[in-house]
Amino acid sequence: MKKIDFKKQLPKIVISILILFFVVGLSWGLKSVLELEGTMEPNVVKESLSPLPETKEEIISYVITAVKKAEEERPATSFSDTFGVDVDSIRTGDAQKTAEYIRAGIEEKLGALRGDISSDFGEDLSGKLWVPEIDPGEITSAELRYDYWKCPVCEKETDEKPQVCEECGTGEGFIRKYRDDYSITLHASDAVCPAPPASFFARNFHPFTQTQIDALIRDHENGWFTCRNGFSIAYRNVGICVVVNRLTDQIVSALYSVDCDFSADVTFTGKHAALNTQNVAFTVNEQAKFDFTWPGVSIATQELVLTPGQTDVLRAESPCENLTDEQLTWKSSDESIATVNHEGYVTAKHTTGKCYITVEYTFKGTKYTAQCPVSVKVSAEEIELSRRKLKLSVGDTYTLEAQVKPRKATIKTVTWYSENEEIAVVDPNGTITAKRSGAVGIYAVSDDGYFKATCHVEVEA
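Procedures and definitions
Residues numbered from 1 in each chain as written. Predicted model: local features only at pLDDT ≥ 70, side-chain atom pairs only at ≥ 80, totals over all residues. Heavy atoms only, no water. Salt bridge = Lys/Arg side-chain N within 4 Å of Asp/Glu carboxyl O. Helix = DSSP H or I, 4+ residues; strand = E, 2+ residues; numbered from the N terminus. Buried < 20%, exposed > 50% of the residue type's maximum accessible area, 1.4 Å probe, protein only. pLDDT = per-residue confidence, 0-100. Contact = heavy atoms within 4.5 Å. Expected span 1.5 Å × (residues − 1). Core = buried A, V, L, I, M, F, W, Y, C linked by side-chain atoms within 4.5 Å. Polar contact = N/O pair within 3.5 Å; in protein donor to acceptor, adjacent residues only side chain to side chain.

Q: How should I be thinking about the pattern of salt bridges in this particular structure?
A: When the charged atoms of two side chains with opposite charge come close together, those side chains can pair. Throughout the structure, instances matching the rule amount to 16 salt bridges. The residue Asp448 makes a salt bridge to Lys377 at a minimum N-O spacing of 2.4 Å. Of this pair, Asp448 sits in the loop between strand 25 (438-446) and strand 26 (452-460) while Lys377 sits in the loop between strand 17 (366-376) and strand 18 (382-385), placing them 71 residues apart in sequence. For the pair Asp448 and Lys377, a shared accessibility class is recorded, and that class is buried. Salt bridges linked by common partners bring Arg145, Asp147, Glu160 and Arg176 together as one network.

Spelled out as structure tokens, the structure:
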């Protein structure tokens, strides 16, 4: 029997072992990558401060209350009044270019008629703010929205649930989400648009008087034309769009929009006298908008996660002024978990758990606060299931096990879901019950980090 020379064979043995480790590691790595499903944040809806307005009457009442709240509490207010003339709406025979000149001048000068309605924090808004006076019978539709749809793959957001995501082509799994703001749109009937003193339009839109319009036109004649009988004006497409933060009932903006149809008999003069008298007509869209900024304080970080002994900093922000450390007071709800100094630096202790860091700020005699939750923990990094594929018969049960990694992770609990409960359901312990034939995904989401893992279940009759 030939004796083996181990010295000569040793390099080959080492290389073989290394290759084996490489192949096993590569296979394990590929398996881990293929099983990686990312995260799925739970769809938690923040509770509104007031009950959801549902009927037309409730929505109108909510809008009026929100505007009156601003009038009483006096946030900073900015106002803009923009006018856009629809060039395609200009109608005037042989004087088209001249009519467009008239249009451009009117568009510019209308914007100067309102004056400055803006105000700083605490300034009296009486007589400035347009407080709605609305009879529900004058409103043809009242729409309130705060939901939207999010693609599970590329996270594109759309107001309506799409059949297929325009961004990535995904056709299912869209998640319904909810914004912090209500977007409310009120449309008025054209029948209430003429402007006698008591009309909906006059009460809510503060229209220009005929005297103001006539003076504007005369100021713009410049020897080109005369318009002695003034313009006639008709109003339509009247709407009020209001955005309100539903968590605080504080109004964010109010937009008043209307189409104004102008018409007049214009007599051209000077070098344009040959055009004689012609009717000039065009449509102006007015958008008068109030934007509101409420005093307060906020923390830029929504949630702070620290490992034991780690330090990080929280930054406070306010729309009122640039904050300094001297203006702020920081506090921890539990200093055995985390402490905070006067500059907002948070230091985690060696006790895992959750506490709240609060900042206080006083402005014009009123104290405002903001909170940030702080979790001290060893974070979860992934989740594994005991089975990735499973076959069951109708009526069978099977309990899946979920393991959160790393082993030292502080929070190891998971939440179970079924993609189709008509085929199979799963209880909080991971026990699946097959109900009818078909294929369904049963998945677990870690309560820390929201890592997702799915078991594909086939149910046979």
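Additional details are given in the paragraphs that follow.
Q: Where do I start with the confidence of the model for the chain in this structure?
A: Interpretation of the predicted coordinates at a detailed level should be avoided for regions scoring low in pLDDT. When the pLDDT values of the chain are averaged, the result is 84; 83% of them are 70 or greater. Mean pLDDT in the chain bottoms out at helix 1 (residues 6-35), which sits at 52, and peaks at strand 15 (residues 345-348), which reaches 98. Ignoring residues within four places in sequence, the model shows residues 24-35, a span with pLDDT below 50, making one contact including any to other chains.

Q: What exactly am I supposed to notice about helix 2 (residues 56-73) here?
A: An α-helical segment advances 3.6 residues per turn. Residues three or four places apart therefore align on the same side. With 18 residues, helix 2 extends 26 Å between its outermost C-alpha atoms, agreeing within 8% with the 26 Å of an ideal straight helix rising 1.5 Å per residue. Every buried residue of helix 2 is accounted for by Ile59, Ile60, Tyr62, Val63, Ile64, Ala66, Val67 and Ala70. Looking at the buried side of helix 2, the elements it contacts are strand 2 (139-150), strand 4 (175-188), strand 6 (232-245), strand 7 (250-268) and strand 8 (277-293). The positive-phi residue at the C-terminal boundary of helix 2 is Arg74, with phi of around 60°.

Q: I keep staring at the nonpolar core and nothing clicks. Help me out?
A: Side chains of nonpolar character tend, in soluble globular proteins, to be buried together. Core analysis: the largest hydrophobic core is formed by 55 residues, its most contacted members being Phe200 and Ile251. Elements with a minimum of two residues in this core: helix 2, strand 1 (76-91), strand 2, strand 4, helix 4 (200-205), strand 6, strand 7 and strand 8. The greatest single-element share of this core, amounting to nine residues, is contributed by strand 7. Each residue touching Ile251, except ones within four places of it in the same chain, is listed here: Ala66, Val67, Ala70, Val242, Val243, Val244, Phe292 and Trp294. Core analysis: the second largest hydrophobic core is formed by 25 residues, Leu306, Val340, Val346 and Val376 among them.

Q: Would you take a moment to explain the side chain of Asn245 for this structure?
A: You can see Asn245 is positioned in strand 6. Reaching out from Asn245, the side chain makes a polar contact with the backbone nitrogen of Thr248 at a distance of 3.2 Å. The residues touching Asn245, leaving out its near neighbours within four places in the chain, are Tyr62, Asp180, Asp181, Gln250 and Val252.

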